[in-house]
Amino acid sequence: MLDLIRVGLLLLGLVFVATGLLPWAEAVESLTEIGPLLVFLVAIILLAELTKEAQVFDAIAARMAVLGRGNYAALFFLCTAFASFVTIFLNLDTTAVLLTPVMLALAPRARIAALPLAMTTIWLANTASLLLPVSNLTNLLGIKKIGLDAQEFAARMWAPQIAAIAVTMAFLWAFYWRRGERRDLRYTPPILEPVADRALFAAASAGCLLFIALLLFKAHVAIAATAAAAIVLAAFLLRARERLTWSLVPWQLLIFVTGLFLVVPTLSNHGLSALMSWMIGGEGDPYRTAAVGAGLSNLINNLPAYQAVQLVIPATDRDLLLALLVGTNVGPVVTPWASLATLLWFESCRRHGVKVPMRRFLLAGAGLAVVGLLVTVWTLVRFG
(Lines give C-alpha, C1' and ligand atoms only; values in the text may rest on other atoms or scores of the structure.)
Protein backbone atom coordinates (compact mmCIF):
# COMPACT_ATOMS: atom_id res chain seq x y z
CA MET A 1 0.00 0.00 0.00
CA LEU A 2 2.78 2.42 0.91
CA ASP A 3 4.51 1.79 -2.44
CA LEU A 4 1.23 2.45 -4.28
CA ILE A 5 0.87 5.79 -2.47
CA ARG A 6 4.40 6.80 -3.43
CA VAL A 7 3.99 5.86 -7.09
CA GLY A 8 0.55 7.45 -7.16
CA LEU A 9 1.96 10.71 -5.81
CA LEU A 10 4.61 10.80 -8.54
CA LEU A 11 2.08 9.98 -11.28
CA LEU A 12 -0.23 12.70 -9.98
CA GLY A 13 2.63 15.19 -10.10
CA LEU A 14 3.45 14.21 -13.68
CA VAL A 15 -0.23 14.63 -14.64
CA PHE A 16 -0.19 18.12 -13.12
CA VAL A 17 2.84 19.01 -15.27
CA ALA A 18 1.38 17.42 -18.43
CA THR A 19 -1.92 19.27 -18.06
CA GLY A 20 -0.29 22.61 -17.31
CA LEU A 21 -1.68 22.85 -13.76
CA LEU A 22 1.97 23.12 -12.77
CA PRO A 23 3.86 25.20 -15.33
CA TRP A 24 6.91 23.50 -16.81
CA ALA A 25 9.27 26.22 -15.59
CA GLU A 26 8.02 25.81 -12.01
CA ALA A 27 8.37 22.04 -12.21
CA VAL A 28 11.98 22.29 -13.44
CA GLU A 29 12.79 24.84 -10.73
CA SER A 30 11.27 22.63 -8.04
CA LEU A 31 13.13 19.50 -9.17
CA THR A 32 16.40 21.40 -9.58
CA GLU A 33 16.04 22.56 -5.98
CA ILE A 34 15.87 19.00 -4.66
CA GLY A 35 18.73 17.61 -6.79
CA PRO A 36 21.36 17.84 -4.02
CA LEU A 37 18.77 16.57 -1.54
CA LEU A 38 18.21 13.40 -3.57
CA VAL A 39 21.98 12.84 -3.80
CA PHE A 40 22.21 13.16 -0.03
CA LEU A 41 19.34 10.72 0.53
CA VAL A 42 20.92 8.04 -1.64
CA ALA A 43 24.35 8.49 -0.05
CA ILE A 44 23.26 8.64 3.60
CA ILE A 45 20.95 5.64 3.35
CA LEU A 46 23.63 3.67 1.50
CA LEU A 47 26.10 4.61 4.26
CA ALA A 48 23.65 3.58 6.97
CA GLU A 49 22.66 0.30 5.29
CA LEU A 50 26.27 -0.77 4.76
CA THR A 51 27.22 0.32 8.27
CA LYS A 52 24.51 -1.99 9.58
CA GLU A 53 25.73 -4.79 7.28
CA ALA A 54 29.23 -4.30 8.70
CA GLN A 55 27.75 -4.95 12.19
CA VAL A 56 28.71 -1.56 13.59
CA PHE A 57 25.25 -0.99 15.09
CA ASP A 58 25.12 -4.55 16.43
CA ALA A 59 28.46 -4.18 18.16
CA ILE A 60 27.52 -0.86 19.77
CA ALA A 61 24.11 -2.13 20.93
CA ALA A 62 25.61 -5.28 22.46
CA ARG A 63 28.31 -3.32 24.24
CA MET A 64 25.71 -0.92 25.60
CA ALA A 65 23.83 -3.84 27.12
CA VAL A 66 27.06 -5.16 28.64
CA LEU A 67 27.98 -1.72 29.95
CA GLY A 68 24.57 -1.44 31.62
CA ARG A 69 25.43 -4.54 33.74
CA GLY A 70 21.83 -5.63 34.03
CA ASN A 71 20.60 -2.27 35.35
CA TYR A 72 17.58 -1.00 33.43
CA ALA A 73 18.12 2.63 34.41
CA ALA A 74 21.67 2.56 33.05
CA LEU A 75 20.52 0.81 29.88
CA PHE A 76 17.78 3.42 29.46
CA PHE A 77 20.26 6.30 29.44
CA LEU A 78 22.62 4.43 27.11
CA CYS A 79 19.83 3.57 24.65
CA THR A 80 18.44 7.10 24.58
CA ALA A 81 21.92 8.52 24.04
CA PHE A 82 22.65 6.04 21.24
CA ALA A 83 19.31 6.60 19.47
CA SER A 84 19.69 10.37 19.77
CA PHE A 85 23.24 10.30 18.40
CA VAL A 86 22.28 8.15 15.40
CA THR A 87 19.27 10.36 14.65
CA ILE A 88 21.24 13.60 14.90
CA PHE A 89 24.15 12.53 12.71
CA LEU A 90 22.77 9.78 10.45
CA ASN A 91 19.13 10.84 9.93
CA LEU A 92 15.91 9.73 11.61
CA ASP A 93 15.27 6.99 9.04
CA THR A 94 18.52 5.30 10.08
CA THR A 95 17.29 5.17 13.67
CA ALA A 96 13.78 4.00 12.85
CA VAL A 97 14.56 1.61 10.01
CA LEU A 98 18.05 0.26 10.74
CA LEU A 99 18.58 0.69 14.46
CA THR A 100 15.18 -0.77 15.40
CA PRO A 101 15.96 -4.29 14.06
CA VAL A 102 19.33 -4.21 15.81
CA MET A 103 17.74 -3.35 19.16
CA LEU A 104 14.94 -5.88 18.72
CA ALA A 105 17.47 -8.59 17.86
CA LEU A 106 19.37 -7.71 21.03
CA ALA A 107 16.26 -8.01 23.22
CA PRO A 108 15.97 -11.85 23.28
CA ARG A 109 19.73 -12.29 23.63
CA ALA A 110 19.77 -10.18 26.79
CA ARG A 111 16.24 -11.10 27.90
CA ILE A 112 15.28 -7.44 27.64
CA ALA A 113 11.67 -6.38 27.12
CA ALA A 114 11.43 -5.50 23.41
CA LEU A 115 8.75 -2.79 23.48
CA PRO A 116 10.74 -0.23 25.52
CA LEU A 117 13.64 -0.59 23.08
CA ALA A 118 11.33 -0.21 20.09
CA MET A 119 9.58 2.87 21.47
CA THR A 120 12.93 4.47 22.29
CA THR A 121 14.02 4.21 18.66
CA ILE A 122 10.85 5.58 17.08
CA TRP A 123 10.16 8.43 19.49
CA LEU A 124 13.76 9.66 19.43
CA ALA A 125 13.92 9.18 15.67
CA ASN A 126 11.39 12.00 15.51
CA THR A 127 12.08 14.19 18.53
CA ALA A 128 15.90 14.04 18.37
CA SER A 129 15.94 15.26 14.75
CA LEU A 130 16.13 19.01 15.37
CA LEU A 131 19.83 19.69 15.86
CA LEU A 132 21.35 19.39 12.37
CA PRO A 133 20.05 19.80 8.81
CA VAL A 134 20.91 16.14 8.12
CA SER A 135 18.88 14.89 11.08
CA ASN A 136 15.54 15.11 9.28
CA LEU A 137 14.42 15.53 5.69
CA THR A 138 12.20 18.42 6.80
CA ASN A 139 15.31 20.27 7.99
CA LEU A 140 16.92 19.78 4.59
CA LEU A 141 13.77 20.96 2.85
CA GLY A 142 13.83 24.19 4.83
CA ILE A 143 17.50 24.97 5.40
CA LYS A 144 17.97 27.07 2.25
CA LYS A 145 14.95 29.25 3.00
CA ILE A 146 15.95 29.56 6.67
CA GLY A 147 19.37 30.76 5.53
CA LEU A 148 21.62 29.05 8.10
CA ASP A 149 24.55 26.70 7.59
CA ALA A 150 24.87 23.52 9.68
CA GLN A 151 26.81 25.17 12.50
CA GLU A 152 24.47 28.18 12.68
CA PHE A 153 21.46 25.89 12.60
CA ALA A 154 22.88 23.82 15.46
CA ALA A 155 23.69 26.97 17.45
CA ARG A 156 20.05 28.02 17.10
CA MET A 157 18.52 24.63 17.81
CA TRP A 158 20.73 23.09 20.53
CA ALA A 159 18.50 24.24 23.41
CA PRO A 160 15.20 23.16 21.76
CA GLN A 161 16.84 19.83 20.92
CA ILE A 162 17.85 19.20 24.53
CA ALA A 163 14.34 20.14 25.66
CA ALA A 164 12.72 17.76 23.16
CA ILE A 165 14.98 14.86 24.16
CA ALA A 166 14.42 15.51 27.88
CA VAL A 167 10.63 15.46 27.51
CA THR A 168 10.85 12.32 25.37
CA MET A 169 12.97 10.57 28.01
CA ALA A 170 10.43 11.46 30.70
CA PHE A 171 7.57 10.00 28.65
CA LEU A 172 9.60 6.91 27.70
CA TRP A 173 10.35 6.16 31.34
CA ALA A 174 6.79 6.79 32.50
CA PHE A 175 5.03 4.79 29.80
CA TYR A 176 7.50 2.05 28.82
CA TRP A 177 10.67 1.75 30.93
CA ARG A 178 9.60 1.96 34.59
CA ARG A 179 9.34 -1.27 36.57
CA GLY A 180 5.56 -1.54 36.32
CA GLU A 181 5.72 -1.46 32.50
CA ARG A 182 8.75 -3.66 31.76
CA ARG A 183 8.08 -6.18 34.58
CA ASP A 184 11.68 -7.38 35.06
CA LEU A 185 13.91 -5.97 37.79
CA ARG A 186 17.16 -6.65 35.90
CA TYR A 187 18.26 -8.01 32.54
CA THR A 188 21.01 -10.44 31.54
CA PRO A 189 23.98 -8.80 29.77
CA PRO A 190 24.63 -10.61 26.46
CA ILE A 191 27.79 -12.45 25.53
CA LEU A 192 29.84 -10.34 23.12
CA GLU A 193 30.40 -11.92 19.73
CA PRO A 194 33.23 -10.98 17.33
CA VAL A 195 32.33 -9.14 14.13
CA ALA A 196 32.38 -11.24 10.97
CA ASP A 197 34.73 -8.97 8.99
CA ARG A 198 36.98 -6.54 10.85
CA ALA A 199 37.99 -4.72 7.65
CA LEU A 200 34.37 -3.91 6.76
CA PHE A 201 33.71 -2.93 10.37
CA ALA A 202 36.68 -0.54 10.34
CA ALA A 203 35.75 0.96 6.95
CA ALA A 204 32.14 1.56 8.00
CA SER A 205 33.23 3.13 11.28
CA ALA A 206 35.69 5.36 9.42
CA GLY A 207 32.99 6.36 6.92
CA CYS A 208 30.62 7.46 9.69
CA LEU A 209 33.34 9.42 11.47
CA LEU A 210 34.37 11.08 8.19
CA PHE A 211 30.78 12.14 7.56
CA ILE A 212 30.54 13.77 11.00
CA ALA A 213 33.93 15.45 10.58
CA LEU A 214 33.03 16.89 7.17
CA LEU A 215 29.83 18.33 8.61
CA LEU A 216 31.86 20.01 11.36
CA PHE A 217 34.09 21.53 8.67
CA LYS A 218 31.00 22.94 6.92
CA ALA A 219 31.03 20.63 3.89
CA HIS A 220 27.78 20.43 1.95
CA VAL A 221 25.69 17.54 3.26
CA ALA A 222 25.50 15.88 -0.16
CA ILE A 223 29.29 16.01 -0.56
CA ALA A 224 29.92 14.78 2.99
CA ALA A 225 27.51 11.86 2.67
CA THR A 226 28.82 10.89 -0.77
CA ALA A 227 32.45 10.90 0.37
CA ALA A 228 31.65 8.81 3.45
CA ALA A 229 29.50 6.35 1.50
CA ALA A 230 32.23 5.99 -1.15
CA ILE A 231 34.70 4.70 1.46
CA VAL A 232 32.31 2.06 2.76
CA LEU A 233 31.15 1.12 -0.75
CA ALA A 234 34.77 0.60 -1.86
CA ALA A 235 35.39 -1.72 1.09
CA PHE A 236 32.33 -3.81 0.21
CA LEU A 237 33.36 -3.92 -3.45
CA LEU A 238 36.70 -5.37 -2.40
CA ARG A 239 35.53 -7.80 0.29
CA ALA A 240 31.80 -8.51 -0.06
CA ARG A 241 30.66 -7.54 -3.54
CA GLU A 242 27.80 -10.04 -3.40
CA ARG A 243 26.13 -8.03 -0.64
CA LEU A 244 25.79 -4.96 -2.85
CA THR A 245 22.36 -5.01 -4.47
CA TRP A 246 20.09 -2.44 -6.10
CA SER A 247 17.75 -2.79 -3.14
CA LEU A 248 20.20 -0.65 -1.15
CA VAL A 249 19.15 2.36 -3.24
CA PRO A 250 16.10 4.02 -1.60
CA TRP A 251 13.97 4.09 -4.76
CA GLN A 252 10.72 4.41 -2.81
CA LEU A 253 11.90 7.51 -0.95
CA LEU A 254 13.24 9.12 -4.13
CA ILE A 255 9.90 8.58 -5.85
CA PHE A 256 8.01 10.00 -2.87
CA VAL A 257 10.13 13.15 -2.58
CA THR A 258 10.03 13.81 -6.33
CA GLY A 259 6.25 13.44 -6.40
CA LEU A 260 5.94 15.63 -3.33
CA PHE A 261 7.81 18.49 -5.00
CA LEU A 262 5.45 18.36 -7.96
CA VAL A 263 2.14 17.93 -6.13
CA VAL A 264 2.52 20.42 -3.26
CA PRO A 265 3.50 23.43 -5.44
CA THR A 266 0.53 22.65 -7.72
CA LEU A 267 -1.93 22.50 -4.84
CA SER A 268 -0.41 25.64 -3.33
CA ASN A 269 -1.08 27.50 -6.59
CA HIS A 270 -4.72 26.42 -6.46
CA GLY A 271 -5.90 27.28 -2.96
CA LEU A 272 -3.70 25.35 -0.54
CA SER A 273 -1.56 28.37 0.29
CA ALA A 274 -4.61 30.41 1.23
CA LEU A 275 -5.77 27.65 3.56
CA MET A 276 -2.33 27.38 5.19
CA SER A 277 -2.16 31.15 5.67
CA TRP A 278 -5.53 31.09 7.41
CA MET A 279 -4.48 28.20 9.66
CA ILE A 280 -1.26 29.78 10.94
CA GLY A 281 -2.83 33.25 11.18
CA GLY A 282 -1.20 36.57 10.58
CA GLU A 283 0.16 37.18 14.07
CA GLY A 284 3.37 35.21 13.61
CA ASP A 285 2.67 33.02 16.66
CA PRO A 286 5.33 30.26 16.93
CA TYR A 287 3.12 28.09 19.16
CA ARG A 288 0.24 28.18 16.69
CA THR A 289 2.58 27.51 13.75
CA ALA A 290 4.15 24.54 15.52
CA ALA A 291 0.70 23.20 16.42
CA VAL A 292 -0.46 23.46 12.80
CA GLY A 293 2.67 21.65 11.62
CA ALA A 294 2.18 18.88 14.18
CA GLY A 295 -1.54 18.53 13.50
CA LEU A 296 -1.09 18.32 9.73
CA SER A 297 1.81 15.89 10.17
CA ASN A 298 -0.41 13.49 12.10
CA LEU A 299 -3.13 13.86 9.48
CA ILE A 300 -1.19 13.69 6.20
CA ASN A 301 2.51 13.00 7.06
CA ASN A 302 5.16 15.49 8.14
CA LEU A 303 6.90 15.97 4.77
CA PRO A 304 3.90 17.32 2.81
CA ALA A 305 2.82 19.17 5.98
CA TYR A 306 6.11 21.04 6.22
CA GLN A 307 6.30 21.73 2.52
CA ALA A 308 2.75 23.10 2.39
CA VAL A 309 3.08 25.42 5.40
CA GLN A 310 6.58 26.75 4.74
CA LEU A 311 5.48 28.09 1.36
CA VAL A 312 3.34 30.74 3.09
CA ILE A 313 5.94 31.80 5.68
CA PRO A 314 8.29 34.59 4.54
CA ALA A 315 11.98 33.72 4.45
CA THR A 316 12.58 36.73 6.70
CA ASP A 317 10.52 35.12 9.48
CA ARG A 318 13.19 32.66 10.59
CA ASP A 319 11.71 32.03 14.04
CA LEU A 320 8.40 30.97 12.53
CA LEU A 321 10.13 28.58 10.12
CA LEU A 322 12.07 27.04 13.01
CA ALA A 323 8.86 26.72 15.03
CA LEU A 324 7.29 24.90 12.08
CA LEU A 325 10.23 22.47 12.12
CA VAL A 326 9.57 21.82 15.80
CA GLY A 327 5.98 20.98 14.91
CA THR A 328 6.83 18.66 12.03
CA ASN A 329 9.76 16.97 13.83
CA VAL A 330 8.59 16.65 17.44
CA GLY A 331 4.87 16.45 16.74
CA PRO A 332 4.58 13.37 14.43
CA VAL A 333 4.45 10.82 17.27
CA VAL A 334 0.70 10.23 17.47
CA THR A 335 -0.50 8.44 14.32
CA PRO A 336 1.33 5.58 12.55
CA TRP A 337 1.49 7.53 9.26
CA ALA A 338 2.73 10.83 10.73
CA SER A 339 6.23 10.20 9.34
CA LEU A 340 7.71 7.73 6.87
CA ALA A 341 10.04 6.53 9.61
CA THR A 342 7.06 5.56 11.79
CA LEU A 343 5.40 3.62 8.98
CA LEU A 344 8.59 1.65 8.34
CA TRP A 345 9.11 1.17 12.09
CA PHE A 346 5.70 -0.48 12.45
CA GLU A 347 6.62 -2.89 9.67
CA SER A 348 9.90 -3.73 11.42
CA CYS A 349 8.06 -4.41 14.69
CA ARG A 350 5.61 -6.67 12.86
CA ARG A 351 8.42 -8.69 11.28
CA HIS A 352 10.04 -9.19 14.71
CA GLY A 353 6.78 -10.21 16.36
CA VAL A 354 6.66 -7.16 18.65
CA LYS A 355 3.08 -6.18 19.46
CA VAL A 356 2.57 -2.43 19.82
CA PRO A 357 -0.53 -1.65 21.95
CA MET A 358 -2.23 0.89 19.70
CA ARG A 359 -4.29 2.60 22.39
CA ARG A 360 -1.22 3.28 24.52
CA PHE A 361 0.77 4.29 21.44
CA LEU A 362 -1.85 6.90 20.49
CA LEU A 363 -2.47 8.27 24.00
CA ALA A 364 1.18 8.39 25.05
CA GLY A 365 2.13 9.88 21.69
CA ALA A 366 -0.54 12.56 22.03
CA GLY A 367 0.77 13.49 25.47
CA LEU A 368 4.34 13.61 24.21
CA ALA A 369 3.33 15.73 21.21
CA VAL A 370 1.49 18.32 23.32
CA VAL A 371 4.05 18.60 26.13
CA GLY A 372 6.99 18.27 23.77
CA LEU A 373 5.75 21.05 21.52
CA LEU A 374 5.02 23.43 24.38
CA VAL A 375 8.38 22.91 26.08
CA THR A 376 10.42 22.87 22.87
CA VAL A 377 8.79 25.97 21.36
CA TRP A 378 9.13 27.79 24.69
CA THR A 379 12.85 26.92 24.67
CA LEU A 380 13.15 28.07 21.05
CA VAL A 381 11.62 31.44 21.93
CA ARG A 382 13.46 31.76 25.26
CA PHE A 383 16.92 31.10 23.80
CA GLY A 384 16.27 32.83 20.49
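About the cut-offs
- Residues numbered from 1 in each chain as written.
- Predicted model: local features only at pLDDT ≥ 70, side-chain atom pairs only at ≥ 80, totals over all residues.
- Heavy atoms only, no water.
- UniProt positions renumbered as here; feature names shortened; annotations may be inferred.
- Helix = DSSP H or I, 4+ residues; strand = E, 2+ residues; numbered from the N terminus.
- Rg over C-alpha atoms; globule rule 2.2 N^0.38 Å.
- Buried < 20%, exposed > 50% of the residue type's maximum accessible area, 1.4 Å probe, protein only.
- Contact = heavy atoms within 4.5 Å.
- Lys, Arg positive; Asp, Glu negative; His and termini not counted.
- Charge placed at Lys NZ, Arg CZ, Asp CG, Glu CD.
- 1 Å grid on protein atoms, 1.4 Å probe; cavity = no way out; pocket = protein on both sides within 12 Å on 5 of 7 lines; lining within 4 Å.
- Points joined across faces, edges and corners; volume = space filled by probe spheres on them.
- Nonpolar A, V, L, I, M, F, W, Y, C, P; charged D, E, K, R; others polar.
- Phe/Tyr/Trp six-rings, centres within 6.5 Å; stacked < 30°, edge-to-face > 60°.
- Lys NZ or Arg CZ within 6 Å of the ring centre and 35° of its normal.
- Core = buried A, V, L, I, M, F, W, Y, C linked by side-chain atoms within 4.5 Å.
- Expected span 1.5 Å × (residues − 1).
- Bend = angle between axes of the 7 residues up to and from the residue.
- Polar contact = N/O pair within 3.5 Å; in protein donor to acceptor, adjacent residues only side chain to side chain.
- Axes fitted to C-alpha atoms, helices over the stretch in contact; angles between N-to-C directions.
- Parallel < 35°, antiparallel > 145°, perpendicular 65-115°, else oblique.
- Left-handed = near helix turned anticlockwise from the far one by under 90°.

Per an unreviewed UniProt entry, the recorded name for the protein is ArsB/NhaD family transporter, and the organism is Nonomuraea maheshkhaliensis. The Subcellular location (unreviewed entry) comment attached to the protein in UniProt states, word for word, "Cell membrane".

Caption draft 1: View of the overall build of the protein. Across its full length, the protein carries 18 helices and 0 strands. Taking 21 Å as the expected radius of gyration for a compact globule of 384 residues, we find that the protein reaches 20 Å, a close match to that expectation. C-alpha extents for the protein along the principal axes are approximately 60 × 50 × 40 Å. Here the protein, with 384 residues, has 56% of them falling under the buried criterion. Considering only intrachain contacts with a sequence separation of at least 6, the fraction spanning at least 24 residues in the protein is 80%. When the 27 basic and 20 acidic side-chain charges of the protein are each reduced to a single mean position, those positions are 11 Å apart.

Caption draft 2: Structural detail: empty space enclosed by the protein. Counted under the stated rule, the structure contains 2 cavities of 30 Å³ or more. Together, Leu 92, Asp 93, Asn 136, Leu 137, Leu 253, Asn 302, Leu 303, Ser 339, Leu 340 and Ala 341 line the largest cavity. Mapped onto the lining of the largest cavity, the elements with two or more residues apiece are helix 6 (92-110), helix 15 (302-310) and helix 17 (340-351). Each residue belonging to the lining of the largest cavity can be placed in one class, and the counts come to 6 nonpolar, 3 polar and 1 charged. Size it by volume and the second largest cavity reaches roughly 30 Å³. Asp 58, Ala 61, Ala 62, Val 102, Leu 106 and Arg 109 are the residues that line the second largest cavity. Classifying every residue of the lining of the second largest cavity by side-chain character gives 4 nonpolar, no polar and 2 charged.

Caption draft 3: Inspection of the packing of aromatic side chains at higher detail. In the structure shown here, the tally under the stated rule is 14 aromatic pairs. Summarising the aromatic geometry, the rings of Phe 76 and Trp 173 are spaced 5.2 Å apart at their centres and angled 65 degrees between planes, so their arrangement reads as edge-to-face. Highlighted residues: Phe 76 in helix 5 (residues 72-90) and Trp 173 in helix 9 (residues 150-177), separated in sequence by 97 residues. Exposure remark for Phe 76: the relative accessible area of 3% places this residue in the buried category. Each residue in the set Tyr 72, Phe 76, Phe 77, Trp 173, Trp 177 and Tyr 187 is aromatic and connected to the rest through ring pairs, giving one cluster. Note that Arg 382 overlies the ring of Phe 383, its terminal NZ or CZ placed 5.5 Å from the centroid.

Caption draft 4: Structural detail: the environment of Ile 191. Along the chain, Ile 191 falls in the loop between helix 10 (179-182) and helix 11 (198-216). A relative accessible area of 72% means that Ile 191 is categorised as exposed. For the pair Ile 191 and Ile 143, spaced 48 residues apart in sequence, the C-alpha to C-alpha distance is 44 Å.

Caption draft 5: Main features of the nonpolar core. Counting 141 residues, the largest nonpolar core has Phe 40, Trp 123, Phe 211 and Trp 345 as the members making the most contacts within it. With sequence-adjacent residues up to four places away left out, Phe 40 is seen in contact with Asn 91, Val 134, Leu 140, Phe 211, Val 221, Ala 222 and Ala 225.

Caption draft 6: Region of interest: the layout of surface pockets. Approximately 570 Å³ is the volume found for the largest pocket. Contributing to the lining of the largest pocket are 24 residues, with Arg 6, Glu 49, Val 97, Gln 252 and Leu 344 lying nearest its centre. Across the lining of the largest pocket, the residue classes tally to 14 nonpolar, 4 polar and 6 charged. One number sums up the size of the second largest pocket: a volume of about 470 Å³. Surrounding the second largest pocket, 21 residues form its lining, Leu 140, Ile 143, Lys 144, His 220 and Val 221 being those nearest its centre. Elements with a minimum of two residues in the lining of the second largest pocket: helix 2 (24-33), helix 3 (35-53), helix 8 (137-146) and helix 9. Looking at which element gives the most residues to the lining of the second largest pocket, the answer is helix 8, with 4 residues.

Caption draft 7: Fine view of helix 6. For helix 6, with 19 residues, the first-to-last C-alpha span of 25 Å sits near the 27 Å given by 1.5 Å per residue. Largest kink in helix 6: about 40 degrees, centred on Leu 99, with the proline Pro 101 one to four residues after it. Of all the 19 residues making up helix 6, 15 are buried; the element is thus mostly covered by neighbouring parts of the structure. The residue sitting at the N-terminus of helix 6 and contributing the capping side-chain oxygen is Asn 91; that oxygen lies 2.9 Å from the backbone nitrogen of Asp 93. Looking one or two places after helix 6, you find Arg 111, whose phi comes out positive at around 55 degrees.

Caption draft 8: The packing of helix 5 against helix 9, seen in detail. Between helix 5 and helix 9, the least distance of the axes is 11 Å, while the angle of their chain directions is 140 degrees. The angle between helix 5 and helix 9 falls in the class oblique. Both helix 5 and helix 9 take part in a crossing whose hand is right-handed. Counted together, Tyr 72, Ala 73, Leu 75, Phe 76, Phe 77, Cys 79, Thr 80, Ser 84 and Ile 88 of helix 5 and Gln 161, Ile 165, Met 169, Leu 172, Trp 173 and Trp 177 of helix 9 form the full contact between these two elements. Partitioning the contact of helix 5 with helix 9 into residue classes produces 12 nonpolar, 3 polar and no charged.

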